Amino acid sequence: MARILITSAIPYINGIKHLGNLVGSQLPADLYARYMRQRGHEVMFICATDEHGTPAELAATKAGKPVEEFCAEMHAVQSEIADGFRLSFDHFGRSSSAQNHSLTQYFAGKLADNGFIQEISEKQVYSNADGRFLPDRYIEGTCPNCGYDKARGDQCENCTKQLDPTDLIDPRSAVSGSTDLEVRETKHLYLRQSQLKDRLDDWINSQEGWPVLTTSIAKKWLHDGDGLRDRGITRDLNWGVPVKRGTDEWPGMEGKVFYVWFDAPIEYIAGTAEWAEAKGLDDAAWRRWWRTDEGADDVRYVQFMGKDNVPFHTLSFPATIMGSGEPWKLVDYIKSFNYLNYDGGQFSTSQGRGVFMDQALSILPADYWRWWLLSHAPENSDAEFTWENFQSSVNKDLADVLGNLVSRVTKFCRSKFGEVVPEGGAWAEREAALIATLTAKTRAYEGFMDAMEVRKAAAELRSIWVAGNEYLQEAAPWSAFKTDPELAAAQIRLALNLIRVYAVLSRPFIPDASAAMLAAMGTEDDSWPDDMTAALSVLPAGHAFAVPEVLFAKITDEQREEWQERFSGTRD
Ligand SMILES: [Zn+2]
């Protein structure tokens, strides 16, 4: 038995996430966590909401709520939706937790002790009307290059020119619209990532089998241009982790907070500490996952994220850990994803374009979405969601192949043998051939799941379902029953057992349908089919089962058209 620590990139607090966000981290992380638990490993699966930063403050202002209250409410909303999608986190934490405050301050103190923090004075725009410093992107004005009047302080969206706020003509606050702005001097802390460049490079080079997407992004940031640059880790904001050096005040940094990118990944550790607190366990319970000198030396740590998060996870967060000089666990494998596009364009949270997680659950159960998203995961390139493809995939894979097999077998047995596993007869060559096929395919499926090859695993699982359907098609127990009822009984006994095996193998992808199949088979035996022959004999003759409700309803053309229309615009 291995110990596997799994983290999903933490979703930002300012709104409900769309399906592209879901398939880019949380959902494949859940698939892997579920699979590893089923194979008997000890798993710790952590996610959280990322709650600090200006966008959270602005979203709270827009909602007319204090930021703490807004974050608490949005955390509850995201947590409920995560449950709806059956995301099996051991803990869904909050980056605003007390644990993350103290760990973030702790790491900053260690980094400073080791010479990896530099204090730098810089000039920043202060809004007198708003009573705050404004980050570059919250200053608007006219572009000096093209004359566009809504250019941001960091870039003009119209001509794409990179800008400094002081370049803008007639600058104003994007928060209040005020033009009463001035440039003030303020001091900030920088993480000296450049000092850790060689160690990071060696560490990335020593990784075997990381996806090309992960290493190519990391290498680009390490070596392009001037190479890895130092980064500011503090901000002049109210909402965030107050800047402290460990538990001590940090002279000159009063009233400042850590920049959200610095505290967010530390929440993986803090989230595990939150888990321990919620379970009433002591610190040793979470530290054995994170400190290699306190039990984590045998932990395998896997992270899941979209490609936009790769630089932070391959460089910045490891720099924080390495620079601490302490034996905290570094990631062992990073599974990164490309983007999922929506019907000819992009999913967009800011524009409300696409299908959002709450909307998805309001029209169909989680398993439909889980299956489509995972079987079309944007692994090697961007992928696209279209309603036609979604309809076709759900109807063919889930309804015609898996659902139909379950329905045919249970209904036929009920009508000819009653609602018990039939006795009599014996398996013959056809059954032996099926067992050989299923054995080979199950081993291949395990290989893809171990390697986090999500699409290949889905394709293999589908082919395992198809093999059962083909067997039934050829064996045709409904015909055999007329001439050789004993043979039909043996075939149906196998097929009922096959439903249990399918429930077990399919659980990481479609947990609700899996539970329904096991319940219909009247068993709690969810043992993995290491030996397919034995697995197909678990339900003995005479064992009672029930014909389940329809597992998967087909999506009609009318539904597809209605949804296509409903989700063609932007959400209000
Ligand atoms: Zn411009």
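Residues numbered from 1 in each chain as written. Predicted model: local features only at pLDDT ≥ 70, side-chain atom pairs only at ≥ 80, totals over all residues. Heavy atoms only, no water.

K.L.:
I keep staring at the sheet that holds strand β1 (residues 3-8) and nothing clicks. Help me out?
P.N.:
Within a sheet, each strand pairs with its neighbour through backbone hydrogen bonds, oriented either parallel or antiparallel. Overall, parallel pairing links the 5 strands, which are arranged β3-β2-β1-β15-β16 in an open sheet. The strands lining the two open edges of the sheet, one partner per strand, are β3 (91-94) and β16 (333-337). Geometrically, the sheet is characterised by an average inter-axis angle of 20° between neighbouring strands, direction not taken into account. Direction of pairing for strand β15 (residues 299-306) relative to β16: parallel, over a ladder of 5 bridges. Counterpart to V302 in the pairing with β16 is Y333. (Pairing = 2+ DSSP bridges. Helix = DSSP H or I, 4+ residues; strand = E, 2+ residues; numbered from the N terminus. Axes fitted to C-alpha atoms, helices over the stretch in contact; angles between N-to-C directions.)

K.L.:
How do you make sense of the pairing of strand β6 (residues 139-142) when you look at a structure like this?
P.N.:
Regular strands show a simple pattern: their side chains alternate between the two faces of the sheet. In this sheet, strand β8 (residues 169-173) lies alongside β6 in antiparallel orientation, the contact comprising 3 bridges. Residue pairing for β8: T142 is matched across the bridge by I169. Of the strand pairs in this sheet, β6 and strand β7 (residues 151-152) are connected by 2 bridges, and their pairing is antiparallel. When the bridges of β7 are listed, G141 appears paired with A151.

K.L.:
Where do I start with the packing of helix α4 (residues 98-113) against helix α9 (residues 310-324) in this structure?
P.N.:
How two helices pack is summed up by the angle between their axes together with the distance between the axes. For the pair α4 and α9, interaxial distance at closest approach is 8 Å and the crossing angle is 60°. Taken together, the axes of α4 and α9 are oblique relative to one another. Like other packed secondary-structure pairs, α4 and α9 cross with a definite hand, here left-handed. In this structure, α4 contributes F107, K110 and L111 to the contact, and α9 contributes A319, T320, G323 and S324. Taken together, the residues that form the contact of α4 with α9 break down as 3 nonpolar, 3 polar and 1 charged. (Parallel < 35°, antiparallel > 145°, perpendicular 65-115°, else oblique. Left-handed = near helix turned anticlockwise from the far one by under 90°. Contact = heavy atoms within 4.5 Å. Nonpolar A, V, L, I, M, F, W, Y, C, P; charged D, E, K, R; others polar.)

K.L.:
So what exactly am I meant to see when it comes to helix α6 (residues 212-223) here?
P.N.:
An α-helix turns once every 3.6 residues. As a result, residues three or four positions apart point the same way. Over its 12 residues, α6 extends 16 Å from the first C-alpha to the last, a length consistent with the 16 Å expected when each residue adds 1.5 Å. Buried residues of α6: L213, T214, I217, A218 and L222, and no others. Buried residues of α6, viewed axially, fall in a sector of 160°; they line one side. Considering only its buried residues, α6 is in contact with α5 (197-205), α9 and β16. Immediately beyond the C-terminal end of α6, within one or two residues, lies G225, with a positive phi of roughly 60°. (Expected span 1.5 Å × (residues − 1). Buried < 20%, exposed > 50% of the residue type's maximum accessible area, 1.4 Å probe, protein only. Arc of directions from axis to C-beta.)

K.L.:
In this structure, what is going on with the pattern of salt bridges? I would like to understand it.
P.N.:
Where charged atoms from two side chains of opposite charge approach closely, those side chains can pair. Scanning all chains against the criterion turns up 39 salt bridges. Ionic pairing is found between D530 and R39, a salt bridge with its closest N-O pair at 3.3 Å. Taken together, the residues D530 in the loop between α17 (511-520) and α18 (532-535) and R39 in the loop between α1 (19-38) and β2 (42-49) connect sequence positions 491 residues apart. A relative accessible area of 26% places R39 in the partly exposed class. A salt bridge links R560 to D557; the shortest N-O distance between them is 3.6 Å. Remark: D557 and R560 occur in helix α19 (residues 557-566); sequence separation between them is 3 residues, near one turn of the helix. Residue classification places R560 among the buried residues on the basis of a relative accessible area of 15%. Look at D557 and you get partly exposed, because its relative accessible area is 40%. (Salt bridge = Lys/Arg side-chain N within 4 Å of Asp/Glu carboxyl O.)

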